[in-house]
2 protein chains.
Amino acid sequence: MAKVDTSLVAHLPLFAGVTPEALDEILREARSARYPKNSAIFEQGADAQSFFLLLHGHVRAAKTTPTGEQIVVRYVAPGETFGLAMAIGAVQYPATAIAVDDSVVLIWPTSAWPRLVERFPSLAANTLQTVGARLQESHTRILEMSTQQVEQRVAHALLRLAKQSGKKLDHGIEIDFPISRQDIAQMTGTTLHTVSRILSGWESQGLVESGRQRIILRDPHRIVVLAERSADSGAA
Amino acid sequence: MAKVDTSLVAHLPLFAGVTPEALDEILREARSARYPKNSAIFEQGADAQSFFLLLHGHVRAAKTTPTGEQIVVRYVAPGETFGLAMAIGAVQYPATAIAVDDSVVLIWPTSAWPRLVERFPSLAANTLQTVGARLQESHTRILEMSTQQVEQRVAHALLRLAKQSGKKLDHGIEIDFPISRQDIAQMTGTTLHTVSRILSGWESQGLVESGRQRIILRDPHRIVVLAERSADSGAA
DNA sequence: CCGATAGTTTGCGATAGCGCAAAACGGGAC
DNA sequence: GTCCCGTTTTGCGCTATCGCAAACTATCGG
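Residues numbered from 1 in each chain as written. Chains lettered and ligands numbered in written order. Predicted model: local features only at pLDDT ≥ 70, side-chain atom pairs only at ≥ 80, totals over all residues. Heavy atoms only, no water.

A.B. asks: Give me the lowdown on the sheet that holds strand β1 (residues 31-35) of chain B, citing residues and values where you can.
C.D. replies: All names here are of chain B. The strand order across the open sheet formed by four strands is β1-β8-β3-β6, and the pairing between neighbours is antiparallel. Pairing within the sheet leaves two strands with one partner each, and these edge strands are β1 and β6 (81-82). As defined by bridge partners, strand β3 (residues 50-56) adjoins strand β8 (residues 103-109) across six bridges and the pair is classed as antiparallel. Within β8, the residue paired with F51 across the bridge is W108. (Pairing = 2+ DSSP bridges. Helix = DSSP H or I, 4+ residues; strand = E, 2+ residues; numbered from the N terminus.)

This is the structure:
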């Protein structure tokens, strides 16, 4: 069992209110693992034997319908937990987790959760907060899907990604993991074709610069404007 | 401060693992109140000064956009909590809660939450479970909005309502609180017109019987079939 | 009992976005 | 350096669903 450096994770919201000694104890129950790019960390429907904390890299959580369609539930950034099925009372993972970049995670056995929560109640409180925040995001997403057109939804999605995982460049903000048109379509409830058309349009207006699984927001401010306008005209 | 009968609420998931004495102590911090039909319990954006447990009646939680459009986040049934903004770290209510029927609720001051959680850690664990369940429902809803057509989404919504708040009749299942076409539209991301058309169609096929703010599922089984089919034909 | 009001139904264009198909493109593997 | 494969782009017809408008109808208050 690899020793994990507490200083790397002590500041995370998950461990707020946890003493260094307690943190040490918590980390002793975890092991770490590396997942190469495009490898599955767990599959939807599998028994939830572990829960995870992402240290490095990026993970995509996606949900699949019986007929094979997928949506992206969220992208996990370093410092975030995922696969918390047990905390919410699920026996199986409700989604599939794939490393979209070479990633390093901490892994706890699900069985350790009740004990940890009992010894360190703030873990439950902290987890409640993060799950609550995700619930709010989901509601926001539902609101957007109900009331906005595709272009605005894509704008919102990109802005969110930029905020969560944006790398500042001198000429814009780059989303710093590989993401395809298809992925964005699955985040916004549309098709890769429509996303491609939208990005092409934006590119010709200098709003973004994009390529194969790569997007740079060149003019975030104008994208914010796009995201917020209700339905008026906008052709050049 | 009205005395609340513990026997009425002892069996709720929220209080699982809480001793009768503890429950008594928890309830002593609450007061109860009655909200008449169509009255607001709290407004989106208001300071979250209380959290609630519904005893009788039904409550609609709805989220409004800056431009005035609304979606229904969920319907609250007796025994469920709502307005848990503080537990998830929000200072203001993210949605508006309206009693859709004469309703009775228990009300705790937000300020009591940290103390209650400290004394009774299972409260946090139980709340985590319910919030987690709601998160999953939200994801399911997003999945549906992304991959299904309106008719299927409406079918799913009605089936869910029937399961949560259905009253068994000899000739079907009635949703036992007033719900309009508009409400269903706001649950499924469509317009009241489209919902009306769909229900009219179903009514003529004997699937449902409906009227002003009233819906009876006459043939739940066939509605399940409707909800599940992907996109094939179905005209009589 | 009757009128006012909120909810419902329905018709009819308009259109955003889908779905299919095919071509162009870019990057990595060998 | 070249080939191959996954990704992206783009054209084009189609249709589910919206949006507006107007008529209709229960229900409730008085």
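Having seen the model, we can carry on.
A.B. asks: Help me get a handle on the packing of helix α4 (residues 150-165) of chain B against helix α7 (residues 220-228) of chain B, residues and values and all.
C.D. replies: Residue and element names in this part refer to chain B. Put simply, α4 and α7 touch, their axes get as near as 8 Å, and they point 135° apart. One element, α4, and the other, α7, form an angle in the oblique class. Handedness of the crossing formed by α4 with α7: left-handed. In this structure, α4 contributes E151, Q152, A155, H156 and L159 to the contact, and α7 contributes P220, I223, V224, L226 and A227. Here the contact of α4 with α7 is built from residues that sort into seven nonpolar, two polar and one charged. (Axes fitted to C-alpha atoms, helices over the stretch in contact; angles between N-to-C directions. Parallel < 35°, antiparallel > 145°, perpendicular 65-115°, else oblique. Left-handed = near helix turned anticlockwise from the far one by under 90°. Contact = heavy atoms within 4.5 Å. Nonpolar A, V, L, I, M, F, W, Y, C, P; charged D, E, K, R; others polar.)

A.B. asks: Quick rundown of the interface of chain B and chain A? Include the residues and the values.
C.D. replies: Accessible area lost upon the coming together of the parts serves often as the stated size of an interface. Every contact between the two is made by 31 residues of chain B and, on the other side, 31 residues of chain A. Counting the surface lost from both chain B and chain A, the interface buries some 3100 Å², and carbon and sulfur atoms represent 75% of this. On the chain B side of the interface with chain A, the three residues burying the most area are L128, I142 and L143 of chain B, jointly 20% of the side's total. Between the two partners, chain B and chain A, sit zero salt bridges. On inspection of chain B and its partner chain A, the count reaches two residue pairs in polar contact (both at pLDDT 80 or more). If you list the elements that add at least two residues to the side of chain B that touches chain A, you get β5 (70-76) and α3 (121-147) of chain B. Sorting elements by how many residues they give to the side of chain B that touches chain A places α3 of chain B first, with 18 residues. Its residues placed into classes, the side of chain B that touches chain A shows 15 nonpolar, twelve polar and four charged. (Buried area = accessible area lost by both parts, 1.4 Å probe. Salt bridge = Lys/Arg side-chain N within 4 Å of Asp/Glu carboxyl O. Polar contact = N/O pair within 3.5 Å; in protein donor to acceptor, adjacent residues only side chain to side chain.)

A.B. asks: Mind laying out the environment of P94 of chain A, listing which residues take part and the relevant values?
C.D. replies: Note that P94 of chain A resides in the loop between β6 (81-82) and β7 (96-99). Contacts of P94 of chain A, omitting those with residues within four sequence positions, involve Q44, K63 and A85 of chain A together with Q136 of chain B.

A.B. asks: Hey, could you go over the domain arrangement of chain A for me, with residue numbers and the actual values?
C.D. replies: Residues and elements named next belong to chain A. Looking at chain A, the domain boundaries give domain 1 (6-138) and domain 2 (148-228). Each of domain 1 and domain 2 has a C-alpha centre, and these two points are 26 Å apart. Taken together, the contacts link twelve residues of domain 1 with ten residues of domain 2. Ionic pairing is found between D183 and R60, a salt bridge with its closest N-O pair at 3.2 Å. The interface formed by domain 1 and domain 2 contains six residue pairs in polar contact (both at pLDDT 80 or more). If one sorts the elements of the side of domain 1 that touches domain 2 by residue count, strand β5 (residues 70-76) sits on top with five residues. (Domains from an automatic or database assignment.)

A.B. asks: Quick one: what's the story with the sheet that holds strand β11 (residues 208-211) of chain B, residue by residue and with numbers?
C.D. replies: All names here are of chain B. Judged by pairing direction, the sheet is antiparallel, and its four strands sit side by side in the order β9-β10-β12-β11 without closing on themselves. Here the strands that pair on one side only, and so sit at the sheet edges, are β9 (166-169) and β11. The mean angle between the axes of side-by-side strands here comes to 20°, regardless of whether they run parallel or antiparallel. Of the pairings in the sheet, the one linking β9 to strand β10 (residues 172-175) comprises four bridges and is antiparallel in character. Among the inter-strand pairings, K167 is bridged to a residue of β10, identified as E174. Against the sheet, helix α6 (residues 192-204) makes contact with β11 and β12 (214-217), and its axis sits at roughly 130° relative to β11, the strand it touches most.

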